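Descriptive structure summary
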Amino acid sequence: MKPIRKPFYGDPLFPYELVYQTAKNQDNELPDHIHDRYELVYIHQGNGIFFIDNTWYEQQPGDLFVIPGNTIHHSLPDYHNPIVSSAIFFAPALVSRTTLDDSYSHLLCFEIARQQSSYKFTLPENLKLRTEETLALMSEELNTRSIGYRESLLISLNQLLLRYNRHLMVNIHTHPKSPRIAPSWMMNALRKIDEHPERECSLASLAADANVSAPHFSRLFKKLTSMNITSYINAKRIIKAKELLLETEDNVSLISEICGFDTPTHFYRVFKALTGTTPNMYRNNKNSFE
C-alpha cells in the first residue's frame with residue numbers, strides 16, 4: 001500500500017489547521033501518509049503506537065509528537081483504549097516570517113527531532129497544562145472567528161513552539177529515549193533504506209541481511225508500516241526528490257536518476273501518485289510548500 005498524500009483546504013494565505021480532541025480508532029485513522037505541512041500531535045487520552053519515519057513509538061497521555069513536513073507516519077490506536085488527540089498542521093513559512101531574532105528559529109523543535117531521528121517528547125506537568133490550555137484557546141478562536149482570530153492563532157502557535165523549544169534546549173541531553181517496539185534487524189533494514197533510498201533494495205536481500213525468511217520479513221514490514229517494501233522505498237525516493245526540486249537547479253531527468261528511478265516516466269508517475277502534482281509543477285509552486 002502506497003502512502004497517501006493528505007490534502008489540506010481552507011485559506012491558502014493562512015496555512016493552518018487544528019483538529020481538536022478527536023477520538024481516533026483503527027477504522028478512521030489514515031494509513032501511511034505524507035504532507036508538506038509541519039505537524040504537532042498532543043495525546044489527551046488513550047494508548048497506541050505511532051510510526052514516524054522509521055521508528056515506532058508508544059502513545060500515552062501527555063505525549064507530544066513533533067513531525068516535520070515530508071515525513072512518513074501513521075497512528076495505530078489501541079483497540080480497547082483508543083486515542084483522543086489534537087493535531088496542529090501548518091506551513092513553516094507561516095511562523096518563519098515572524099522571526100525577529102536571527103539567532104532563534106520557531107522550528108527548532110522540528111530540527112532537533114529530525115537531527116536526532118526522535119519525534120516523541122514527554123512533557124512535564126506544567127507544559128502539559130499549558131499545551132492543553134493553548135489548544136482549547138485555539139479551538140475557541142476557530143469556533144468564534146472573532147476579529148483578529150488569525151492573529152490570535154499565530155501568537156498562540158508561536159508561544160507554544162517557544163515553550164517547546166526552551167524545554168528541549170534545557171533537556172536535550174537528558175531526554176529519555178523511546179522504547180524500541182520493532183526488532184533490531186527491522187530497524188537496521190529501515191535505516192539502510194533511509195540512508196540510501198536510491199539504491200536497489202529487494203525483499204530477498206533485506207531478508208538475507210536480517211537472517212530471516214522473506215515471507216516473515218514481508219509480513220512484519222507490512223504489519224509495522226502498513227506498506228510493502230516497494231511502496232516504502234518509492235515514498236522515500238519521492239521525499240528526496242522533493243528536496244532536490246526545491247533546493248537545486250538540477251533538471252527533472254537528473255533528479256529522477258539520482259533518486260534511483262529507472263526512467264523519468266516512472267519517476268513522473270510515482271511522483272504524481274504520491275504528491276498529486278508533477279515534479280515541474282511542484283518546483284514552480286515552491287512558495288506553496290514552504
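Quick look at the structure, then.

1. Focus: the packing of helix α3 (residues 125-144) against helix α4 (residues 149-171)
Two elements in contact, α3 and α4, have axes separated by 10 Å at closest approach and are oriented at 165°. Taken as axis vectors, α3 and α4 run roughly antiparallel relative to one another. Judged by the twist between their axes, the crossing of α3 over α4 is left-handed. Of α4, the residues touching α3 (which contributes Leu127, Arg130, Thr131, Thr134, Leu137, Met138, Glu141 and Leu142) are Tyr149, Ser152, Leu153, Ser156, Leu157, Leu160, Arg163, Tyr164 and His167. Partitioning the contact of α3 with α4 into residue classes produces nine nonpolar, five polar and three charged.

2. As for the packing of helix α8 (residues 229-247) against helix α10 (residues 264-275)
Closest axis-to-axis distance for the α8/α10 pair is 10 Å, and the angle between their directions is 95°. With respect to α10, the axis of α8 lies roughly perpendicular. Contact residues: Asn234, Ala235, Ile238, Ala241, Lys242 and Leu245 in α8; Phe267, Val270, Phe271, Leu274 and Thr275 in α10. The class makeup of the residues in the contact of α8 with α10 is eight nonpolar, two polar and one charged.

3. Concerning unusual backbone geometry
Even without glycine at this site, glutamine 21 takes up a positive phi of about 45°. Inspection of the secondary structure puts glutamine 21 in strand β2 (residues 16-23). Given a relative accessible area of 41%, glutamine 21 falls into the partly exposed group. The phi torsion at asparagine 211 lies on the positive side, around 60°, for a residue other than glycine. Inspection of the secondary structure assignment puts asparagine 211 in the loop between α6 (203-210) and α7 (214-225).

4. A look at the pattern of salt bridges
Using the criterion set out here, one finds seven salt bridges in the structure. Aspartate 63 is the salt-bridge partner of lysine 120, the closest N and O atoms lying 3.4 Å from each other. Here aspartate 63 lies in strand β7 (residues 63-67) and lysine 120 lies in strand β10 (residues 120-122), a separation of 57 residues in the sequence. Considered together, lysine 120 and aspartate 63 belong to a single accessibility category, that of buried residues. A salt bridge links lysine 240 to glutamate 198, with the nearest nitrogen and oxygen atoms 3.3 Å apart. Placement of lysine 240 in helix α8 and of glutamate 198 in the loop between α5 (184-195) and α6 is noted, with a sequence separation of 42 residues between them. By relative accessible area, which is 23% here, glutamate 198 ends up partly exposed. Members of the salt-bridge network, linked through shared partners, are Asp53, Asp194 and Lys236.

5. Side note on the sheet that holds strand β9 (residues 84-90)
If you trace the five strands from one edge of the open sheet to the other, you get β2-β9-β4-β7-β10, paired in antiparallel fashion. Of all the strands in the sheet, just β2 and β10 have a single pairing partner and so form its edges. Going from strand to strand, the sheet's axes swing by 15° on average, the running direction of each strand aside. Pairing of β7 with β10, which is carried by three bridges, proceeds in the antiparallel orientation. Looking at β10, one finds that phenylalanine 65 is bridged to lysine 120. Across the face of the sheet, α4 comes into contact with β2, β4 (38-45), β7, β9 and β10 while running at roughly 105° to β9.

6. Remarks on the packing of aromatic side chains
Tallied over the full model, the rule gives 15 aromatic pairs. Taking 5.7 Å as the distance between ring centres and 40° as the angle between the ring planes, the aromatic pair formed by tryptophan 185 and phenylalanine 217 counts as tilted. Taken together, the residues tryptophan 185 in helix α5 and phenylalanine 217 in helix α7 connect sequence positions 32 residues apart. This pair shows no difference in class: tryptophan 185 is buried, exactly as phenylalanine 217 is. Note on phenylalanine 267 and phenylalanine 271: the rings are 5.7 Å apart at their centroids and 65° apart in plane angle, and the pair reads as edge-to-face. Of this pair, phenylalanine 267 and phenylalanine 271 both sit in helix α10, separated by four residues, roughly a single helical turn. Considered together, phenylalanine 267 and phenylalanine 271 belong to a single accessibility category, that of buried residues. Aromatic ring contacts, followed pair by pair, group Phe51, Trp56, Trp185, Phe217, Phe221 and Tyr232 into a single cluster.

Definitions and limits used
- Residues numbered from 1 in each chain as written.
- Predicted model: local features only at pLDDT ≥ 70, side-chain atom pairs only at ≥ 80, totals over all residues.
- Heavy atoms only, no water.
- Axes fitted to C-alpha atoms, helices over the stretch in contact; angles between N-to-C directions.
- Helix = DSSP H or I, 4+ residues; strand = E, 2+ residues; numbered from the N terminus.
- Parallel < 35°, antiparallel > 145°, perpendicular 65-115°, else oblique.
- Left-handed = near helix turned anticlockwise from the far one by under 90°.
- Contact = heavy atoms within 4.5 Å.
- Nonpolar A, V, L, I, M, F, W, Y, C, P; charged D, E, K, R; others polar.
- Buried < 20%, exposed > 50% of the residue type's maximum accessible area, 1.4 Å probe, protein only.
- Salt bridge = Lys/Arg side-chain N within 4 Å of Asp/Glu carboxyl O.
- Pairing = 2+ DSSP bridges.
- Phe/Tyr/Trp six-rings, centres within 6.5 Å; stacked < 30°, edge-to-face > 60°.

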